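Chain residues, written in single-letter form:
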Amino acid sequence: MDGGTTEKRAEDTAGDRAEAVISVRGLRTQFGTHVVHDDLDLDVYRGEILGVVGGSGTGKSVLLRTIAGLNRPAQGSVEVLCTDVFTASQDARAALEARWGVMFQDGALFSSLTVRENVEVPMHAIADLDGQVARALADLKISMVGLPYLAGDKYPSELSGGMRKRAGLARALALDPEIVFLDEPTAGLDPIGAAEFDDLIRGLSRSLGLTVFLVTHDLDTLHAVCDRIAVLAERKVLVTGTMQDMLSVDHPWVRDYFHGPRARAARDTASPDTAKEDV
């Protein structure tokens, strides 16, 4: 299957997802002589949840960090919400960054701050924001991700792994972003906790109209949450499409990943009224 063909079909049929809010063209990322991506192209459409998968070392997290402006590529362009991430002025870049949120693995919270204080950190960019208002907004975000009110006064070390992830998501949502980047959000969670986090992501995406760029290796998450999947292989996006599209891709890694025993188990347990209900 040709990746461009799949992407074009998604664009033609997605309706409200036809607008590309992230557009990557000719991306080359490398560290020293090690090339991670070469001539990589990718579009992410408004309102969709895109799952990014690939084998170890294919640069899934590197791609996320590059799109979010944390890694400068050797060449190529990254446009987010019609703004070039790497050529924008300082003011334009700051305005753009206020329109996305990032949740790194395990939440990446500041250990010396409470959960509420962690969620308030992005709000410091808002001039003259009253402290009481910031506190109220932080409490709202903490509630939105399913944490109890008392969690706001706790430090990250006092939380379980699942609660830290929810706190990290609350911080990513602090400024009401249009786009959320999630790096392995269910890694390290037990099956019940992972399923609950999948439900949270899907629910927030639908209710808030979020576009979600989700790096994962979790097949259950791909089935339960993602509208489309992008496969990284051979230093580029090999193919994009729905889960059903992935089953017909004739590539060794894609075939092994989507037809293996874990993939079959994920398909068998996937509920028909989860990810597919809003697609």
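In this text, all values refer to a predicted model and were calculated from it rather than measured experimentally.

Parameters and conventions
Counting restarts for each chain, with residues numbered from 1 along the sequence as it is written. Predicted model: local features are reported for residues with pLDDT of at least 70 only, side-chain atom pairs are reported and counted for 80 or more only, and whole-chain, interface and lining totals are derived from all residues. In computing side-chain values, all of the structure's heavy atoms are included and hydrogens and water are not. Put simply, a patch holds well-exposed residues, over 30% relative accessible area, that have no salt bridge, with like charges counted together within 9 Å and Val, Leu, Ile, Met, Phe, Trp or Tyr side chains within 5 Å. Each accessible area is a Shrake-Rupley result for a 1.4 Å probe, and residues are judged covered by the shown protein chains and nothing else. A carboxyl oxygen of Asp or Glu within 4 Å of a side-chain nitrogen of Lys or Arg is what we treat as a salt bridge. Starting at the N terminus, helices and strands are each numbered in turn, a helix being any DSSP run of H or I of at least four residues and a strand any DSSP run of E of at least two. Throughout, exposure labels follow a simple rule: accessible area from a 1.4 Å probe, protein chains only, divided by the maximum for the residue type, with under 20% read as buried, over 50% as exposed, and the rest as partly exposed. Strands qualify as paired when DSSP identifies two bridges or more between them. Axis lines are fitted through C-alpha atoms, for helices just across the contact stretch, and the angle between N-to-C directions can take any value from 0 to 180 degrees. Throughout, a contact is declared for two residues whenever any of their heavy atoms are within 4.5 Å.

Colleague: Which residues make up a nonpolar patch on the surface, and what values do they have?
Modeller: Taken together, the side chains of Val133, Leu137 and Leu140 define a hydrophobic patch exposed on the protein surface, amounting to about 220 Å² of accessible area. Mapped onto the fold, Leu137 is located in helix 5 (residues 131–144). The exposure class of Leu137 is partly exposed, given its relative accessible area of 32%.

Colleague: Talk me through the sheet that holds strand 10 (residues 236–241); I want residue IDs and the actual numbers.
Modeller: Judged by pairing direction, the sheet is mixed, and its 6 strands sit side by side in the order 6-7-8-3-9-10 without closing on themselves. Two strands in the sheet have a free side with no partner beyond their single neighbour: strand 6 (100–103) and strand 10. Strand-to-strand twist across the sheet, computed as the mean angle between neighbouring axes with direction ignored, equals 20°. Sheet analysis places strand 9 (residues 228–233) next to strand 10, joined by 5 bridges and oriented antiparallel. Across the sheet, residue Ala233 finds its bridge partner in strand 10, namely Lys236. Helix 2 (residues 60–67) rests against strand 3 (49–54), strand 6, strand 7 (179–183), strand 8 (211–215) and strand 9 of the sheet, and its axis sits at about 145° to strand 8.

Colleague: Residue-level account of the sheet that holds strand 1 (residues 20–31), with values.
Modeller: Taken together, the 4 strands give an open sheet; going across it, the order is 2-1-4-5, and neighbouring strands pair in antiparallel fashion. Every interior strand has two partners, whereas the edge strands, strand 2 (34–45) and strand 5 (83–84), have only one. Bridge count between strand 4 (residues 75–80) and strand 5: 2 bridges; the pairing is antiparallel. Pairing of Glu79 across the sheet is with Asp84, part of strand 5. Along the sheet, helix 2 contacts strand 1, strand 2 and strand 4; its crossing angle with strand 1, the most-contacted strand, is approximately 120°.

Colleague: With reference to specific residues and values, describe unusual backbone geometry.
Modeller: With the exception of glycine, most residues fall at negative phi, and the peptide bonds are largely trans. Even without a glycine there, the phi angle at Asp128 is positive, about 65°. Along the chain, Asp128 falls in the loop between helix 4 (115–120) and helix 5. In this model, Asp176 sits at a positive phi of 50°, which is unusual for a non-glycine residue.

Colleague: Describe in detail the pattern of salt bridges, supporting the description with residues and values.
Modeller: Under the definition given, this model contains 13 salt bridges. One salt bridge in this structure joins Arg93 and Glu97, with 2.8 Å as the shortest N-O distance. Highlighted residues: Arg93 and Glu97, both in helix 3 (residues 90–97), separated by 4 residues, approximately one helical turn. Look at Arg93 and you get buried, because its relative accessible area is 18%. For Asp227, the salt bridge identified is with Arg206, shortest N-O distance 3.0 Å. Separated by 21 residues along the polypeptide, Asp227 in the loop between helix 8 (219–225) and strand 9 and Arg206 in helix 7 (residues 191–208) bring together distant segments of the chain. By relative accessible area, Arg206 is classed as partly exposed at 26%. Counted as one network, the salt bridges with shared partners bring together Glu19, Arg46, Arg99 and Glu178.

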